[in-house]
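Understanding the architecture of this molecule
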Amino acid sequence: MNDDERLRLMESVLPGREQVRAGFESLLRERDRLQGVLHPLSSLPLQPGWNHDELADLLPPGPPMESAVLAGLVPRKQGTQVLLTRRTDGLRHHGGQVSFPGGRLEPGDSSPIAAAIRESNEEIALAASQIHPLGFLDPFTTISGFRVVPVVAVIDPAYVAVANPNEVADVFEVPLDFLMAPQNLRRVEVDYRGRRRAVLEYDWPGQRIWGATAAILYNLRERLAGIA
């Protein structure tokens, strides 16, 4: 083996083999930092949504419907990407909106993690083996009466999304750095049932990322900044 071959082995082949052994989650550069600021997997957050008081007089009667979403982070050479979907227009709840994969907890779901993984498989054919959960963000209350637990996870960059047309119209990725930059998030005033409300919103080419999805990303930014 000459010097050039030895250098190539040290710089590319051996690190690549180590990454395969360690698993795709080792590719996420923010992994250790995230695990230090998220609710740990062993401690499911049980409190109401962090925005619940703001919506208390607008929510439907009865207890909230428990749900979970997968806030999936995809390690790419150009930087970490956030996996998002655009829901099919005809859906009863949040049709046409950008969202994380996820939905209501079903009787067979053992936890929000199980629900987020099941829904991700049903919506975009993401396999459980391609998801490595890291922890939880704070629960969020939606105006439609859901208490959403966001499960932050590393996604295998080799995944191939297959959208279920009954639920998902589009699957795309947005750079985490863009979504974590304060200047890219704005507050928009809207009228809802006779009351002015402020909702969060990002503009991304061809997509409007707003409402619950933008609020969950805001909560992630606050946790990474040590505020939440």
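Below, the structure is looked at part by part. Predicted model only: the values in this text are computed from it and were never measured. (Residues numbered from 1 in each chain as written. Predicted model: local features only at pLDDT ≥ 70, side-chain atom pairs only at ≥ 80, totals over all residues. Heavy atoms only, no water.)

A count of helical and extended segments in the protein gives 6 helices and 11 strands. Within the protein, contacts between residues separated by at least 24 positions form 68% of all contacts whose residues are at least 6 apart in sequence. Of the roughly 11800 Å² of accessible surface on the protein, a fraction of 52% belongs to carbon and sulfur atoms. (Helix = DSSP H or I, 4+ residues; strand = E, 2+ residues; numbered from the N terminus. Contact = heavy atoms within 4.5 Å. Areas by Shrake-Rupley, 256 points an atom, 1.4 Å probe, with all protein chains shown as cover.)

Right, let's get into the pattern of salt bridges. Under the defined criterion, the tally for this structure stands at 11 salt bridges. Between aspartate 32 and arginine 31 there is a salt bridge, with the nearest N and O atoms lying 3.7 Å from each other. We classify arginine 31 as partly exposed; its relative accessible area is 25%. Arginine 186 is the partner of aspartate 203 in a salt bridge, and the nearest nitrogen-oxygen pair spans 2.9 Å. (Salt bridge = Lys/Arg side-chain N within 4 Å of Asp/Glu carboxyl O. Buried < 20%, exposed > 50% of the residue type's maximum accessible area, 1.4 Å probe, protein only.)

Another point: the environment of valine 151. Here valine 151 is to be found in strand β7 (residues 146-155). Judged by relative accessible area, which is 1%, valine 151 ranks as buried. Residues valine 151 and phenylalanine 136, spaced 15 residues apart in sequence, show a C-alpha to C-alpha distance of 4.8 Å. If near-sequence neighbours (up to four positions away) are discounted, valine 151 is found in contact with Val69, Leu70, Ala71, Pro112, Ile113, Ala116, Pro133, Gly135 and Phe136.

Attention now goes to the side chain of threonine 85. Note that threonine 85 resides in strand β2 (residues 81-87). Each residue touching threonine 85, except ones within four places of it in the same chain, is listed here: Gln97, Val98, Ser99, Phe100, Pro101, Ile124, Val168, Asp170, Val171 and Phe172.

With that out of the way, let us pick up the pairing of β2. Across the 7 residues that make up β2, a large majority, 6, are buried. Sheet analysis places strand β1 (residues 65-74) next to β2, joined by 2 bridges and oriented antiparallel. Pairing of valine 74 across the sheet is with glutamine 81, part of β2. In sequence, β1 turns back onto β2 through a hairpin of 6 residues, with glycine 79 there showing a positive phi of about 130 degrees. In the sheet, β2 pairs with strand β3 (residues 98-99) via 2 bridges, with the strands oriented antiparallel. (Pairing = 2+ DSSP bridges.)

Turning next to the side chain of arginine 221. As for its placement among the helices and strands, arginine 221 is situated in helix α6 (residues 211-224). If sequence neighbours within four positions are ignored, arginine 221 has contacts with Met180, Ala181, Pro182 and Leu185.

Under the defined criterion, the tally for this structure stands at 4 aromatic pairs. With a centroid separation of 6.2 Å and an interplanar angle of 45 degrees, the aromatic rings of tryptophan 50 and tyrosine 218 are classed as tilted. Residue tryptophan 50 is found in the loop between α2 (31-37) and α3 (52-55), and its partner tyrosine 218 is found in helix α6; the two are separated by 168 residues along the sequence. Its relative accessible area of 38% is what places tryptophan 50 among the partly exposed residues. (Phe/Tyr/Trp six-rings, centres within 6.5 Å; stacked < 30°, edge-to-face > 60°.)

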